[in-house]
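Observations on the model geometry
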Amino acid sequence: MQPIDHLVKSCRFRCLCLIILLFPVPALAQQVSVNVEGDHPQLKANAEAFIGDVEGRSADNLRRYASTAVSQAERALRALGYYRPVIDWWVEEGDADDLAELILDIQPGPPVRVTSRKVDIRGAASSDETFTSNLPEHPAVGDVLNHGDYANLRDVIQTRARRRGYFDGEFVTRTLRVDPEALTAEITLVYDSGKRYQLGAVTFEDGHWFEIGLLRDFVTFEPGTPYHTDEIARLNSDLSGSGYFSGVDIDASPASAEDGVIPVRIGLTRRDRRSVAAGVGFSTDVGPRLRGTWREHWINPMGHKRGAETELSKPRQNLSTWYELPLDPPMTDLIRLTAGYQREDIENVESEQLVLGQQWQHQLDDGWLQVLSIRWEGERFNIGDDEKGTSSLLLPGIGYSKRHADSPLDPSQGYRLQLDVTGSHRAVLSDADILHVNAFAKGLYTLAGNHRFLARFHIGGVATNRFEDVPPSLRFFAGGDQSVRGYGYETLSPENDNGVPVGGRYLMVGSAEYQYEFVDNWRAAVFVDHGNAVNDLFDPLATGAGVGIRWVSPVGPLRLDVAKGLDPEFGGGWRIHFSMGPEL
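About the cut-offs
- Residues numbered from 1 in each chain as written.
- Predicted model: local features only at pLDDT ≥ 70, side-chain atom pairs only at ≥ 80, totals over all residues.
- Heavy atoms only, no water.
- Helix = DSSP H or I, 4+ residues; strand = E, 2+ residues; numbered from the N terminus.
- Rg over C-alpha atoms; globule rule 2.2 N^0.38 Å.
- Buried < 20%, exposed > 50% of the residue type's maximum accessible area, 1.4 Å probe, protein only.
- Contact = heavy atoms within 4.5 Å.
- Areas by Shrake-Rupley, 256 points an atom, 1.4 Å probe, with all protein chains shown as cover.
- Lys, Arg positive; Asp, Glu negative; His and termini not counted.
- Charge placed at Lys NZ, Arg CZ, Asp CG, Glu CD.
- Polar contact = N/O pair within 3.5 Å; in protein donor to acceptor, adjacent residues only side chain to side chain.
- 1 Å grid on protein atoms, 1.4 Å probe; cavity = no way out; pocket = protein on both sides within 12 Å on 5 of 7 lines; lining within 4 Å.
- Points joined across faces, edges and corners; volume = space filled by probe spheres on them.
- Pairing = 2+ DSSP bridges.

Here we come to the overall build of the protein. Across its full length, the protein carries seven helices and 25 strands. Relative to its length of 584 residues, the protein is extended, with a C-alpha radius of gyration of 35 Å against a globular reference of 25 Å. For the protein, the spread of C-alpha atoms along the principal axes amounts to about 95 × 75 × 70 Å. Classification of the 584 residues of the protein by burial places 40% in the buried group. Counting contacts in the protein only where the partners sit at least 6 residues apart, residues at least 24 apart contribute 55% of the total. Looking at the protein as shown, the accessible area adds up to about 31100 Å², and 53% of this sits on carbon and sulfur atoms. Mean positive and mean negative side-chain charge positions of the protein (58 and 82 charges, respectively) differ by 4 Å.

Structure follows, in structure tokens:
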């Protein structure tokens, strides 16, 4: 019997599938249509949102549902201040092709307007200017009543109270009196904040291993500081970003407060001591490249770190090591000892460089990052077999940089500024007298969500009494993905008698770019670049222009450009440029 039963069931299933294919079920569609008299798109949208999707109903079923739909539409209009609407409805019968439809015809009537608004902050918050200032302006006297604006005003007051430590605060009075006949609304909000809580002593749970002095350097507030959630969030972010911990647990609950003082207890989980990473990249400047890093995130309880990095590509190979000592505050200030070796062979310019140095990094109060450095550079170079030499330079230097962006990966606005000055003198362990200045600025602004404007400027100069003694690493070259597009990488510079780029005394590069986001994470771009590396400030500059595509991938922005160098005498022509990384 089982084979017969199986055959019968199989036949039934196949017949059912055939019926479905031959007589498809009509597609479901919204069966309530809302018409609002006058120009009130918000009212129409709100009524449709309150009613929701109504599908798969007969005409009789829609008639029974009509009173519910009218009630929902009335609630939607009241939320926006219209308390006296006139709503008519009827059902249009469907046919074989169209479903029945319930039509709501709404005359909104006159709106309710706010005739008085009283917002009174009492308690300690009354003298807290940050709390009381910039409260939402709406609903204001004369506005059409909007219940959403009223709820937002209440929520802002309560949220500020929690963020700023007024944990005992409450509304003494919270009323919204509406007179639909008189078309008036009166708002009264009286909030008593109570006292403001304070942050107490910070304690670290046992087991963190590090010196307590190092951990306390992460704490930027003193006991008795008025509570603010930003203080706790900043402490959490700084500890998490230190590279020492895999877990940070901060307990600053007001429930544990004593006499308005909240103790701060921190539990820390130490991360793995070492990590290794490798990656593959590509740019049209250097072609495929392999990167590798090794880091020891903590060496001793004082928080010292060390690491090594390497990058291998056809024109450039380097290996560098560093040792880092945290200062106070350890989030921004440090001393770094470095050593590195680099070999380059770009456009007939060969060089080998050995570097030993020390940096002291300190963040100023205005947000600028200051780096004082001293390094020794030994370099051996060969420029087109015409200019060979070695150099030994002791280069003290100072640098300032500042970066502001609303997103680290794909910002919509921001800027990056950088200035570096280094020098050497023959009297101090150096083969040449050199003053080297390098300045960079880049800005990004987004208009109306999808129109992005970028500008970039890069200038530099080297002062010396004998330019032949300046090694290639301190000369200037232009051209390439991050310079003047439409020209080869570092091909723009003065040339020797054999046509080999030898580097210039000055660098001047500017760029302007417009991007349009046509779908999420995809942007079209047009750009123009102008600049050169020159020996005289009045020497001609090269121009490149082109179009490109930008994709904000999960691993970071990718850029593909097609550029035309407009000056053939500088080697300009059609070139494809590919690069990756954040705009700033």
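There is more to say after this.
Let us look at the side chain of Arg316. When you line up the elements, Arg316 lands in strand β13 (residues 316–326). A distance of 2.7 Å separates a polar atom in the side chain of Arg316 from a polar atom in the side chain of Glu344. Only 2.7 Å separates the side chain of Arg316 from the side chain of Tyr489, close enough to count as a polar contact. When sequence neighbours within four positions are dropped, the list of residues in contact with Arg316 reads Val286, Glu311, Gln342, Arg343, Glu344, Ile346 and Tyr489.

In this approach a probe as big as a water molecule rolls over the atoms, and the regions it shows empty are the leftover space. All told, the structure shown has one cavity of 30 Å³ or more when counted by the stated rule. Of the voids in this model, the largest cavity is the one considered here, and its volume is about 160 Å³. Every residue lining the largest cavity is counted, 17 residues in all, and those nearest its centre are Lys442, Arg456, Arg485, Glu513 and Glu583. Breaking the lining of the largest cavity down by element, the ones donating at least two residues are β20 (451–464), β21 (506–519), β24 (556–565) and β25 (574–580). For the lining of the largest cavity, the element with the most residues is β21, which contributes four residues.

Moving on, we get to the pairing of strand β14 (residues 334–346). On a regular strand, each side chain points to the face opposite its neighbour's, so the side chains alternate between the two faces of the sheet. Bridging between β13 and β14 involves eleven bridges; their strand directions are antiparallel. For Glu324, the partnering residue across the bridge sits in β14 and is Arg336. For β14 and strand β15 (residues 349–363), the ladder comprises 13 bridges, and the chain directions are antiparallel. What sits directly across from Arg336, in β15, is Gln359. Here β14 folds back onto β15 in antiparallel fashion, the turn holding two residues, of which Glu347 has a positive phi close to 50°.

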